[in-house]
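Each chain, letter by letter, is given below.
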Amino acid sequence: GAGVSQSPSNKVTEKGKDVELRCDPISGHTALYWYRQSLGQGLEFLIYFQGNSAPDKSGLPSDRFSAERTGGSVSTLTIQRTQQEDSAVYLCASSLDQGFTYEQYFGPGTRLTVT
Amino acid sequence: AQRVTQPEKLLSVFKGAPVELKCNYSYSGSPELFWYVQYSRQRLQLLLRHISRESIKGFTADLNKGETSFHLKKPFAQEEDSAMYYCALRYQGAQKLVFGQGTRLTINP
């Protein structure tokens, strides 16, 4: 079946502008994650959604970052007043549930460049 | 805080040689450990997890709680193993993964 999809695949924006990144998880997956992949930084956790529970926002680097998940499916990550240090690949992942042997399936990522 | 360390950013070996990608973690409880791989122009995917105790594509990894390590090994490297490898940890009660910085493995012909 279809995997996790993300859009856009590439985004170039000017410093100070707002951007929205979209993630479509695998159908039926209740858990959704956002990570950031920066050069030399590995992958950093940003936020996690599970069903109707309150999201785990502990990885968001500043209050310029926010995310929502509508209808338990599609998620949007919003970055306000972008800064050059926000340039990175933003990865979305989804998983089936909180089972012990869960596996996170990753999307192709959105490459964000802030000029 | 939980942390995963991959000391080698770059690793280059010849085809047919053994390869070992190092991963150390800091966590006092019982962790779940994973290796993820990202081939060129492909998305990140799970390679193996310690609870499965399996060999995937000839790779194995053993959790050593005494040394807090989860090194990835393969006895005979192949060119198609060239990729970016990430070690990741999930600690008790959490769903998110804590990733290392990654090791770029290059297999030379």
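Summarised in this report is the structure supplied together with it. The structure displayed is predicted, hence computed values, not measured ones. (Residues numbered from 1 in each chain as written. Chains lettered and ligands numbered in written order. Predicted model: local features only at pLDDT ≥ 70, side-chain atom pairs only at ≥ 80, totals over all residues. Heavy atoms only, no water.)

**Description of the overall build of chain B**
In terms of helices and strands, chain B carries zero helices and 11 strands. Tracing chain B from N to C terminus, the helices and strands come up as β-β-β-β-β-β-β-β-β-β-β. At 13 Å, chain B has a C-alpha radius of gyration in line with the 13 Å of a compact globule built from 109 residues. Taken along its principal axes, the extent of the C-alpha atoms in chain B is 45 × 30 × 25 Å. Each of the 109 residues in chain B was classed as buried or not, and the buried ones make up 50%. Here the contacts in chain B between residues at least 6 apart in sequence split such that 58% fall between residues at least 24 apart. (Helix = DSSP H or I, 4+ residues; strand = E, 2+ residues; numbered from the N terminus. Rg over C-alpha atoms; globule rule 2.2 N^0.38 Å. Buried < 20%, exposed > 50% of the residue type's maximum accessible area, 1.4 Å probe, protein only. Contact = heavy atoms within 4.5 Å.)

**A look at the sheet that holds strand 8 (residues 72-74) of chain B**
Residue and element names in this part refer to chain B. Spatial ordering of the open sheet is given by 3-8-7, a layout of three strands whose pairing is antiparallel. Sheet topology places strand 3 (19-21) and strand 7 (60-61) at the edges, where each strand pairs with a single neighbour. Judged from the two bridges that link them, strand 7 and strand 8 form a sheet pairing that is antiparallel. Directly across from T60, in strand 8, lies its bridge partner K73. (Pairing = 2+ DSSP bridges.)

**A word on the interface of chain B and chain A**
At the interface, 17 residues of chain B touch 25 residues of chain A. Regarding the contact of chain B and chain A, the summed buried area is about 1800 Å², with carbon and sulfur atoms giving 53% of it. When residues of chain B are sorted by the area they lose upon contact with chain A, R43(B), Q95(B) and K96(B) head the list and together hold 35% of the total. Joining chain B to chain A, the criterion identifies one salt bridge. With a shortest N-O distance of 3.5 Å, E103(A) and R49(B) are connected by a salt bridge. (Buried area = accessible area lost by both parts, 1.4 Å probe. Salt bridge = Lys/Arg side-chain N within 4 Å of Asp/Glu carboxyl O.)

**Side note on the state of the cysteines**
All names here are of chain A. Scanning all chains against the criterion turns up two disulfides over all chains. Disulfide pairing places C23 opposite C92 at an S-S distance of 1.9 Å. Every disulfide takes its handedness from the sign of the S-S torsion; for C23 and C92 that torsion is -65 degrees, giving left-handed. Residue C23 is found in strand 3 (residues 19-24), and its partner C92 is found in strand 8 (residues 88-95); the two are separated by 69 residues along the sequence. Across the pair, C92 and C23 agree in class, each one buried. (Disulfide = S-S within 2.5 Å.)

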